[in-house]
Amino acid sequence: LASSHLCLCLRKSPPPRSHKDSHIYIERAMGDEGGFQFDLCRRNAFLGQQGVVAKTAKKTGTTICGVVYKDGVVLGADTRSTNGPCVADKNCEKIHYIAPNIYCCGAGTAADTEAVTSMVSSSMELHRMATNRQSRVITALTILKGHLFKYQGHVSAALVLGGYDLTGPHLHTVYPHGSTDTLPYVTMGSGSLAAMSVFESGFKENMTLEEAKVLVARAIRAGIFNDLGSGSNVDLCVINKDGKQYLRNYECPNERTYVSKRGFSFPLGTTAVLKKDMITATSDIRLADFCTVTEGASEGEAMDIA
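None of these values were measured; they are calculated from a predicted model.

Visitor: Where do I start with the nonpolar core in this structure?
Guide: Soluble globular proteins tend to pack their nonpolar side chains together in the buried interior. In this structure, Val67, Val74, Phe199, Met207 and Val216 are the most contacted members of the largest nonpolar core, which totals 23 residues. Elements with a contribution of two residues or more to this core: β1 (64-68), α6 (192-202), α7 (209-226) and β11 (234-240). Per element, the largest residue contribution to this core is 8 residues, and it comes from α7. Among residues more than four places away in sequence, those in contact with Met207 are Val67, Val68, Tyr69, Lys70, Ala212 and Leu215.

Put into structure tokens, the structure is as follows:
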């Protein structure tokens, strides 16, 4: 058994053919003839000494959460989109459509969360058309976790999935590697610890809709004010047997308190003009300067644009 495991580690040594050969095989593994390669480690250490900065994953920031109340599910998210240390969008949407009765909050890389939720939404639509039945939350969960597990965490999408189907309300978390949790209240993202502290202190069974909305809004505000990657406004989505209610900008705790009455005025010449080329409708322009016209072309043949 030990010899068979060493076969995975060696580069050139052939597998043993007898009990006597196995001892020689193990000795080779312990020597310089085989084993793991550490050439890249030495190369990276050398590059670090030369001042080369290794690339790292870009940090992302979000606070998303959800809670199950007496008659359904309430999902919540902040609206700050970051690009490293910069705020790229102050009022983005992080609650994505999956089905009329299922929505999903996304944390991580924006492109990954949008692409994954769009893919699942399309699959759920085709499934509804084929079966002529309402979508099940467990179906969306199975598709999501299977897709993310296949990519072993390289698709940076941490999700909070919530919905209401014929079996009642459902709330799940899906991690980037494909693992899932099913709990009465969940949080994800860089501000998840602040949001979880609010849930653990304020959650109770069989909450009313208003109590659930207040609790989720408090949890998102905790992430907004205690996490640099989260900010701006609070979005909520209520899903129950009567349908969904998307509450865009349910709370705006970071509104601008001062706006200059004069506005912004920059004198001419502040920005240098490097090149100016204006073409008007009355300019003397020859068509041949911009494209090649082939006369006598057969019917249906397009113009050759240079």
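Visitor: Looking at this model, I keep getting lost on the pattern of salt bridges. Mind explaining?
Guide: Side chains carrying opposite charge are able to pair once their charged atoms draw close together. Counted according to the given criterion, the structure contains 9 salt bridges. Ionic pairing is found between Asp39 and Arg42, a salt bridge with its closest N-O pair at 2.5 Å. Of this pair, Asp39 and Arg42 both sit in helix α3 (residues 39-49), 3 residues apart, which is roughly one turn of that helix. What makes Asp39 partly exposed here is its relative accessible area of 41%. With a closest N to O distance of 3.8 Å, Arg136 and Asp165 form a salt bridge. Of this pair, Arg136 sits in the loop between α4 (110-131) and α5 (137-150) while Asp165 sits in strand β7 (residues 157-165); the two residues are 29 residues apart in sequence, bridging distant segments of the chain. Since its relative accessible area comes to 33%, Arg136 is described here as partly exposed. Under the relative-accessibility criterion, Asp165 is labelled buried at 4%. Each of Glu93, Asp235 and Arg248 takes part in salt bridges that share partners, so that together they form one network.

Visitor: Got a minute to help me understand the side chain of His172 in this structure?
Guide: Here His172 shows up in strand β8 (residues 168-174). His172 sits in the buried class, given a relative accessible area of 6%. Here Thr182 takes part through its side chain, which lies 2.7 Å from a polar atom of the side chain of His172. Once you skip the residues sitting within four places of it in the chain, His172 turns out to touch Val137, Leu141, Leu159, Val160, Leu161, Asp181 and Thr182.

Rules and cut-offs
Residues numbered from 1 in each chain as written. Predicted model: local features only at pLDDT ≥ 70, side-chain atom pairs only at ≥ 80, totals over all residues. Heavy atoms only, no water. Core = buried A, V, L, I, M, F, W, Y, C linked by side-chain atoms within 4.5 Å. Buried < 20%, exposed > 50% of the residue type's maximum accessible area, 1.4 Å probe, protein only. Helix = DSSP H or I, 4+ residues; strand = E, 2+ residues; numbered from the N terminus. Contact = heavy atoms within 4.5 Å. Salt bridge = Lys/Arg side-chain N within 4 Å of Asp/Glu carboxyl O. Polar contact = N/O pair within 3.5 Å; in protein donor to acceptor, adjacent residues only side chain to side chain.

Geometry only, nothing functional implied.
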